[in-house]
Amino acid sequence: ANGFCRRLAALPLSNTFSFHRNSNIEQVDILTNSNLSDYDLFDAAFQNLNRLNVLINSSHLHASLLSIEKIYNLDSPLINPFSDLRHNPITLVGVKRNDKFVIDHCKEILHKHSKADLRLYPIMNKKFADQINKCNISQEDLHVRYLIHKQQLLLKQSLRDYLL
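Quick caveat: nothing in here was measured; it's all calculated off a predicted structure. (Residues numbered from 1 in each chain as written. Predicted model: local features only at pLDDT ≥ 70, side-chain atom pairs only at ≥ 80, totals over all residues. Heavy atoms only, no water.)

Scanning the chain for helices and strands turns up eight helices and zero strands. Per-residue burial for the chain yields a buried fraction of 26% across its 164 residues. Long-range pairs, those at least 24 residues apart, make up 76% of the contacts in the chain between residues at least 6 apart in sequence. For the chain, the computed accessible surface area is about 12200 Å², with 54% contributed by carbon and sulfur atoms. (Helix = DSSP H or I, 4+ residues; strand = E, 2+ residues; numbered from the N terminus. Buried < 20%, exposed > 50% of the residue type's maximum accessible area, 1.4 Å probe, protein only. Contact = heavy atoms within 4.5 Å. Areas by Shrake-Rupley, 256 points an atom, 1.4 Å probe, with all protein chains shown as cover.)

Structure follows, in C-alpha cells:
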C-alpha cells in the first residue's frame, strides 16, 4: 500500500541501506517494514517529489521518454531498436478485468491503505503535465515516437547472425 509514497520516501527515511550489484531496491527497509503514519509518509514523499528532475509516467511512456531527452539535452532519441514496446505497454497501470470484482468489494480497505498515494497522485500528475508543457512536447512529437516504436527496427536474430 502507498507504493508511490514509499518509493519516493524510502531512501531519505531509511536508517541504513547499501546497494550491491544484485540488490533489490524494492526491499529497502522502509518499503517493507515501515510504521510511518500516512501523514509522515506523504510529507517525505512530497518533499522528494519536488527534488526530482524528471518524472516518468508509465501511462504516458512516449511523453516521458521525450521529456528525458529534452531535459538532459540528449542528441539521440531514446529508442530500443529491438523493441516495439509491447512488453512495456503504454498502459502499465490500471485495473485488469479479473481484478475489478476484488477491487469493487475491497474499496474501503484499499482506500484506507492508500491514503498517502491518493493524496500524492494528483500532485504527481500536475508535476508531470508541467514537465511535458515545459519541454514543449507536441502531439506531433508523440505521434512520431509512437510510429518509431510501432515495430522493432532490428530483429535480434538478424543481428546475432551478423555478429557470428
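Among the nonpolar cores identified, the biggest contains 18 residues, and Cys5, Ala45, Leu49 and Leu120 are the most heavily contacted of them. Sorting the residues of this core by element identifies helix H1 (3-13), helix H3 (38-49), helix H4 (61-71) and helix H6 (115-134) as the ones contributing at least two each. Sequence-distant contacts of Leu120, that is, excluding residues within four places in its chain, are made with Phe4, Cys5, Leu8, Phe42, Ala45, Phe46 and Leu49. (Core = buried A, V, L, I, M, F, W, Y, C linked by side-chain atoms within 4.5 Å.)

The next thing to look at is H6. If you check H6, its first and last C-alpha atoms are 29 Å apart, about what 20 residues at 1.5 Å a residue would give, namely 28 Å. Turning to H6, its buried residues number three or more, namely Ala116, Asp117, Leu120, Met124, Phe128, Gln131 and Ile132. Positive phi appears at Asn136, one or two residues downstream of H6, with a value of about 55°. (Expected span 1.5 Å × (residues − 1).)

Turning our eyes to something else, we now look at the pattern of salt bridges. In total, this model carries three salt bridges according to the counting rule given. A salt bridge links Glu69 to Arg145; the nearest nitrogen and oxygen atoms lie 2.7 Å apart. Of this pair, Glu69 sits in helix H4 while Arg145 sits in helix H7 (residues 139-148), placing them 76 residues apart in sequence. Pair check on accessibility: Glu69 and Arg145 agree, each one buried. Put simply, Lys126 and Asp130 hold a salt bridge, and the shortest N to O gap is 2.9 Å. Pair noted here: Lys126 and Asp130 are both in helix H6, with a separation of four residues, about one helical turn. Lys126 sits in the exposed class, given a relative accessible area of 51%. (Salt bridge = Lys/Arg side-chain N within 4 Å of Asp/Glu carboxyl O.)

The next point concerns a nonpolar patch on the surface. On the surface, a cluster of nonpolar side chains totalling about 260 Å² of accessible area is made up of Tyr72, Leu74 and Leu78. In this fold, Leu78 is placed in the loop between H4 and helix H5 (97-113). Owing to a relative accessible area of 33%, Leu78 belongs among the partly exposed residues under this scheme. (Patch = residues over 30% accessible without salt bridge, like charges linked within 9 Å, V, L, I, M, F, W, Y side chains within 5 Å.)

Looking now at the packing of H4 against H6. Two elements in contact, H4 and H6, have axes whose closest approach is 10 Å; the angle formed by their N-to-C orientations is 55°. Considered as vectors, H4 and H6 are oriented oblique to each other. Note that H4 runs across H6; the crossing there is left-handed. From H4, Ala63, Ser64, Ser67 and Ile71 reach across to H6, where they touch Phe128, Gln131 and Ile132. Residues belonging to the contact of H4 with H6 are distributed by class as follows: four nonpolar, three polar and no charged. (Axes fitted to C-alpha atoms, helices over the stretch in contact; angles between N-to-C directions. Parallel < 35°, antiparallel > 145°, perpendicular 65-115°, else oblique. Left-handed = near helix turned anticlockwise from the far one by under 90°. Nonpolar A, V, L, I, M, F, W, Y, C, P; charged D, E, K, R; others polar.)

With that out of the way, let us pick up the packing of aromatic side chains. Enumeration according to the criterion identifies one aromatic pair in this entry. Here the aromatic rings of Phe42 and Phe46 are separated by 5.8 Å at their centres, their planes lie at 20°, and the arrangement is stacked. Residue Phe42 and its partner Phe46 are both found in helix H3; the two are separated by four residues, about one turn of the helix. Phe42 gets classed as buried once you look at its relative accessible area, which sits at 7%. Judged by relative accessible area, which is 30%, Phe46 ranks as partly exposed. (Phe/Tyr/Trp six-rings, centres within 6.5 Å; stacked < 30°, edge-to-face > 60°.)

Honestly, that's just the spatial picture; any functional story needs more than this.
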